[in-house]
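Architecture and fold: a report
Next come the chains, spelled out residue by residue.
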Amino acid sequence: MGRIIDISMTIEEGMQVWKGYEHKKPRITNVQNHDQGKPHESRLDMDVHCGTHVDAPLHMLPGGDTIETVTLEQLNGAARVLDLTHLKDHISKEDLVPYAIQRGERILFKTSSSLTEAFDLEFPYLRADGAEYLAEIGVALVGTDALGIERAQPEYPTHRTLMRKGIVIVEGLRLKHVEAGNYTLILAPLKLTGIDAAPARAFLLGD
């Protein structure tokens, strides 16, 4: 089977969250324990966009499809990691053209966001023209190591362009230890229904 490379964020109370907002941090509470003569149990309270997660169209499109409509076939299979750590502000069409991206590919962006565990509001994001380029090609999935694929741009053109073409968006990957190249992506979001996203465990299988 080759190497198994975990590319998921660890869910913990002090983890990186969007803009460092306290209300977005997960809460893990002990609800009973051995000192009480009971089995040890904990409760997890977290935003579905926390850590590594898959967006559903409903997140950005009024009346959009919910998370259970994203299939395992879309999420899992051959994928390519692009090393974009040299980019400082955004990812444009011009930046992507040299990679000769093909229809149906799953593309994962390794950027400077993988090099830190602190949230940086100036993270490299996929600019609207880059999203339009990927939509024209017809990729299957775009994943990024930032907690967002765009920086709250007016009208959210990056999300909406991809979602309207049925392209899956994955955010919050961890790719610091991953070299550019071809892999098999294993992506398993929680089996939720009727909502806008799901936290996920993500792996790459390498040689």
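Here, every reference points to the structure presented above.
Presented here is a report on the structure given in the accompanying data block. Since the model is a prediction, treat every value here as computed from it, not as a measurement. (Residues numbered from 1 in each chain as written. Predicted model: local features only at pLDDT ≥ 70, side-chain atom pairs only at ≥ 80, totals over all residues. Heavy atoms only, no water.)

Focus on the pattern of salt bridges
To be explicit about the condition: Criterion for a salt bridge: a side-chain nitrogen of Lys or Arg within 4 Å of a carboxyl oxygen of Asp or Glu. Each helix is a run of DSSP H or I of at least 4 residues and each strand a run of E of at least 2, with the numbering of both proceeding from the N terminus. Each residue's exposure class comes from its accessible area (1.4 Å probe, protein chains only) as a fraction of the maximum for that residue type: buried when under 20%, exposed when over 50%, partly exposed otherwise.
Within this structure, the stated rule accounts for 10 salt bridges. Between aspartate 89 and arginine 151 there is a salt bridge whose closest N-O contact spans 3.0 Å. Of the two residues, aspartate 89 is situated in the loop between β5 (77-83) and β6 (90-91) and arginine 151 in the loop between β9 (141-144) and α4 (157-164); the sequence distance between them amounts to 62 residues. Of the charged contacts, one joins aspartate 129 and arginine 127 as a salt bridge, the two residues approaching to 2.7 Å between their closest N and O atoms. Among the residues examined, aspartate 129 registers a relative accessible area of 23% and is labelled partly exposed. A relative accessible area of 31% places arginine 127 in the partly exposed class.

Describing helix α3 (residues 128-137)
Let me state the cut-off plainly: Pairs of residues are marked as contacts when any of their non-hydrogen atoms sit within 4.5 Å.
For α3, the buried fraction is high: 7 of the 10 residues fall into the buried class. Of the residues making up α3, those classed as buried are Ala128, Gly130, Ala131, Tyr133, Leu134, Ala135 and Ile137. Tucked into the core, α3 has its buried residues touching β6, α2 (93-96), β7 (106-110), β8 (125-126), β9 and α4. Glycine 138, located one to two residues past α3, shows a positive phi value of around 90°.

Considering a nonpolar patch on the surface
Selection criterion: Like-charged residues are merged into a patch within 9 Å and nonpolar side chains (Val, Leu, Ile, Met, Phe, Trp, Tyr) within 5 Å, provided each residue has over 30% relative accessible area and no salt bridge. Areas reported here follow the Shrake-Rupley algorithm with a probe of radius 1.4 Å; residue values treat only the protein chains shown as occluding.
Taken together, the side chains of Ile11, Ile28 and Leu44 make up a nonpolar region of the molecular surface, amounting to roughly 230 Å² of accessible area. You can see isoleucine 11 is positioned in the loop between β1 (3-6) and β2 (27-32).

With respect to the side chain of threonine 52
In plain terms, the rule: Counted as a polar contact is a pair of N or O atoms within 3.5 Å, where, for protein atoms, one must be capable of donating a hydrogen and the other of accepting one, and residues adjacent in sequence contribute only when both atoms are in side chains.
Looking at where threonine 52 falls in the secondary structure, it is placed in the loop between β3 (41-45) and β4 (53-55). Take threonine 52: its relative accessible area is 2%, and that puts it in the buried class. Within the local environment of threonine 52, its side chain forms a polar contact with the backbone oxygen of glycine 172, the two atoms lying 2.6 Å apart. If we skip the residues at most four places from it in the chain, threonine 52 touches Ile7, Ser8, Met9, Glu171, Gly172, Leu173, Ala198, Pro199, Ala200 and Ala202.

So, the layout of surface pockets
Here is the rule: Points on a 1 Å grid, built from protein atoms alone, make a cavity when a 1.4 Å probe fits but cannot get out and make a pocket when they are open with protein on both sides within 12 Å along at least 5 of 7 lines; residues with an atom within 4 Å of a point are the lining residues. Grid points are joined across faces, edges and corners, and a volume is the space filled by probe spheres set on the points. The classification used treats Ala, Val, Leu, Ile, Met, Phe, Trp, Tyr, Cys and Pro as nonpolar, Asp, Glu, Lys and Arg as charged, and all other residues, Gly among them, as polar.
Looking at the largest pocket, its volume works out to about 330 Å³. In terms of lining, the largest pocket is formed by 19 residues, of which the most central are Trp18, His49, His59, Leu147 and Glu171. By residue class, the composition of the lining of the largest pocket is 8 nonpolar, 6 polar and 5 charged. Considering only enclosed or pocket space, the second largest pocket measures out at about 160 Å³ in volume.

Observations concerning the pairing of β5
Where a strand is regular, its side chains alternate between the two sheet faces. Put simply, the rule is: Two strands pair if DSSP finds at least two bridges between them.
The buried count for β5 comes to 5 of 7 residues, which makes it a mostly enclosed element. The pairing of β5 with strand β11 (residues 181-189) spans 5 bridges and is classified as antiparallel. Among the inter-strand pairings, alanine 79 is bridged to a residue of β11, identified as tyrosine 183. Note: β5 against β7, 4 bridges, orientation parallel. Bridging across to β7, leucine 82 finds its partner in phenylalanine 109.

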